[in-house]
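# Observations on the three-dimensional arrangement
Below are the chains, spelled out letter by letter.
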Amino acid sequence: MIDILIVGSGGREHALGWKLRQSPEARHLIFAPGNGGTARLANSENVAVGIEDIEGLIKLAQEKKPGLIVVGPEAPLAAGLADRLRAEGFDVFGPGAQGAQIEASKAWAKSFMSWYGIPTAARHTFDNLNDAINYLYSEPGPYVLKADGLAAGKGVLVTEDRNEAIQFATQVMLERIFGESGAVLLVEEYMQGPEVSVLALCDTKSGFIFPLPGACDYKRIGDGDAGANTGGMGVYAPTRLMGSKMVAQVLREILMPALHGFQQQGIDYRGILYAGLMLTDAGPKVVEFNCRFGDPETQALLPLLESDLLEYLLLTAQGRLTEASSLRYSNKYSVGVVLVAEGYPGTYQKGIPITGADLHFDGVELFHAGTALNPDGQLVTNGGRVFNIISTESSISLARKKVYNAINAGLGAFVGMQYRHDIAQREEE
Ligand code: AMP
Ligand code: GLY
């Protein structure tokens, strides 16, 4: 049996911990920093070390000596946490800084895709605002603009309005609303089609990449995809958009070339390669790659998994994924709805008391994201995205019904909570 250190504090990390807790090989779980939900898992503890505190995380690992370290978010991966921990002899799930560039630098990711023939939107890269504006004047739109670096999912604008595009370019490059992430601006070809997230276990050492079922997330705040982009408002999986033919095509045209690309670049990539795809008329194309488990995709995918997650994470971390047998899934469907604080994704309050976190509904899981225990031990909100409510059932319709019934019955309730009402509706029609 081994102890496991999980870095992060979101719904994704709670879901990872929940699933790893089911493994007969998992002894003690340590979350840094974790949330109100991870604090309540059996045989688990939260340690108050933040994801930006690389030295603190290394010290924690040296102290606790976990048999596996799983890094949830992209920022510590991009900062080289996995490299440092590997150098200390730990088994780490998550790529080093070089591999994490696939997410941390959109410009590098675009170059990587062009070197290895991975289909994606054509792009122009600008390090000068005037050049970017001149280019926008020369094109009819719609416009897709992206800050090069990490911007917490908010560095992208898709618009038909040229003035809005110019204003965004100015904010990113001149006003630096995303800091140094805006030193370089990408203007991309506009693509159309449904979007699917494909998360794959990727191990360049043994040369193996293994996709999980396709999941669909909802990024906009409002029903019908209205309003601002968020960190994710809902999810479902698997999607019928990813039939076996499409999975084979994505493996052949996107995932295998990425694996070979990493190998040819001498990049040791052991973790999740997340391909955000658009299924265009000309075939699947990459919108973005991420270097980690998706949030909220993970919360929907892990309840479908029947295999022991620990075995797969450990084999990946050790560069032995070829030794794994196929992952087993139930024939079920997950639907997940995110409860967010009033005002999110703008400014919102924290510390709002939560009622109903201890209610139980058959076939429904409550994964915590922005929650914490206050000094009195009371569960309160601690972020914009507060809970993920996931139902896993024999059909999308039944899972939808159960999620919304649970919310209506008060599961996870707090004052001012908001959520989308149309998650997975399109898959029913
Ligand atoms: P990203 O942060 O790169 O995932 O982009 C956020 C969202 O913007 C995506 O989920 C898409 O809906 C949209 N988007 C990004 N790139 C494009 C593109 N080239 N064409 C159309 N929509 C895009
Ligand atoms: N669900 C989007 C992401 O994890 O980036």
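Computed from a predicted model, the values in this text were never measured in an experiment. (Residues numbered from 1 in each chain as written. Chains lettered and ligands numbered in written order. Predicted model: local features only at pLDDT ≥ 70, side-chain atom pairs only at ≥ 80, totals over all residues. Heavy atoms only, no water.)

## Description of the site of ligand 2
Around ligand 2 sit Asp 217, Tyr 274, Asn 290, Arg 292, Gly 294, Asp 295, Pro 296 and Glu 297, and those are all the residues in its vicinity. Contact between ligand 2 and Asp 217: a nitrogen atom at 2.7 Å from a side-chain N or O atom of the residue. For ligand 2, whose free accessible area comes to 200 Å², the fraction covered by protein is 88%. The residue inventory of the shell around ligand 2, partitioned by class, reads two nonpolar, two polar and four charged. (Near = heavy atom within 4 Å. Polar contact = N/O pair within 3.5 Å; in protein donor to acceptor, adjacent residues only side chain to side chain. Areas by Shrake-Rupley, 256 points an atom, 1.4 Å probe, with all protein chains shown as cover. Nonpolar A, V, L, I, M, F, W, Y, C, P; charged D, E, K, R; others polar.)

## Some remarks on the sheet that holds strand E13 (residues 226-237)
Strand pairing in a sheet is mediated by backbone hydrogen bonds. Such pairs are either parallel or antiparallel. Spatial ordering of the open sheet is given by E12-E13-E16-E20-E17, a layout of five strands whose pairing is antiparallel. In this open sheet, the two edge strands, each paired with only one partner strand, are strand E12 (216-222) and strand E17 (364-368). Between one strand and the next, the sheet's axes are offset by a mean angle of 25°, whatever the strand orientation. Where E12 and E13 come together, five bridges link them in antiparallel fashion. Within the sheet, the bridge partner assigned to Tyr 218 lies in E13 and is Gly 234. Along the sheet, helix H1 (residues 11-21) contacts E17 and strand E20 (385-393); its crossing angle with E17, the most-contacted strand, is approximately 125°. (Pairing = 2+ DSSP bridges. Helix = DSSP H or I, 4+ residues; strand = E, 2+ residues; numbered from the N terminus. Axes fitted to C-alpha atoms, helices over the stretch in contact; angles between N-to-C directions. Contact = heavy atoms within 4.5 Å.)

## Considering helix H6 (residues 106-115)
With respect to burial, H6 is a largely interior element, eight of its ten residues being buried. Residues of H6 that are buried: Lys 106, Ala 107, Trp 108, Ala 109, Lys 110, Ser 111, Phe 112 and Met 113. (Buried < 20%, exposed > 50% of the residue type's maximum accessible area, 1.4 Å probe, protein only.)

## Considerations on the packing of helix H7 (residues 129-138) against helix H8 (residues 162-173)
Closest axis-to-axis distance for the H7/H8 pair is 10 Å, and the angle between their directions is 165°. Judged on the interaxial angle alone, H8 and H7 are roughly antiparallel. Every pair of crossing elements has a handedness; the one defined by H7 and H8 is right-handed. Here H7 contributes Leu 129, Ala 132, Ile 133, Leu 136 and Tyr 137 to the contact with H8, which in turn contributes Arg 162, Ala 165, Ile 166, Ala 169, Thr 170 and Met 173. (Parallel < 35°, antiparallel > 145°, perpendicular 65-115°, else oblique. Left-handed = near helix turned anticlockwise from the far one by under 90°.)

## Concerning the environment of Tyr 274
By the element assignment, Tyr 274 lies in strand E14 (residues 270-280). Residue class for Tyr 274 comes out buried when judged on its relative accessible area of 3%. When the C-alpha atoms of Tyr 274 and Val 71 are compared, they prove to be 14 Å apart, with 203 residues separating the residues in sequence. A polar side-chain atom of Tyr 274 sits 3.3 Å from a polar atom in the side chain of Ser 197.

## Focus: the pattern of salt bridges
For the structure shown, the criterion picks out 19 salt bridges. Here Arg 27 ties to Asp 3 by a salt bridge, and the two come within 3.0 Å at their closest N and O atoms. Residue Arg 27 is located in strand E2 (residues 26-33), and its partner Asp 3 is located in strand E1 (residues 2-8); the two are separated by 24 residues in the primary sequence. According to the relative accessible area criterion, Asp 3 is buried, its value standing at 15%. Taking the shortest distance from any N to any O, the salt bridge between Lys 106 and Glu 288 comes out at 3.9 Å. Highlighted residues: Lys 106 in helix H6 and Glu 288 in strand E15 (residues 283-290), separated in sequence by 182 residues. With a relative accessible area of 18%, Lys 106 lands in the buried category. Salt bridges here are not isolated pairs; linked through shared partners, they connect Glu 74, Glu 103 and Arg 292. (Salt bridge = Lys/Arg side-chain N within 4 Å of Asp/Glu carboxyl O.)

## Side note on the site of ligand 1
What surrounds ligand 1 is a group of 15 residues, the closest being Lys 146, Glu 189, Met 191, Glu 195 and Glu 288. In the environment of ligand 1, a nitrogen atom lies 3.0 Å from a nitrogen or oxygen atom belonging to the side chain of Glu 188. One of the backbone nitrogen or oxygen atoms of Glu 189 is found 2.8 Å away from a nitrogen atom of ligand 1. Against a free-state accessible area of 470 Å², the protein chains account for coverage of 90% of ligand 1. Elements with a minimum of two residues in the shell around ligand 1: strand E7 (143-147), strand E8 (156-159) and E15. Its residues assigned to classes, the shell around ligand 1 shows eight nonpolar, no polar and seven charged.

Bear in mind that shape data such as this cannot, by itself, settle questions of function.
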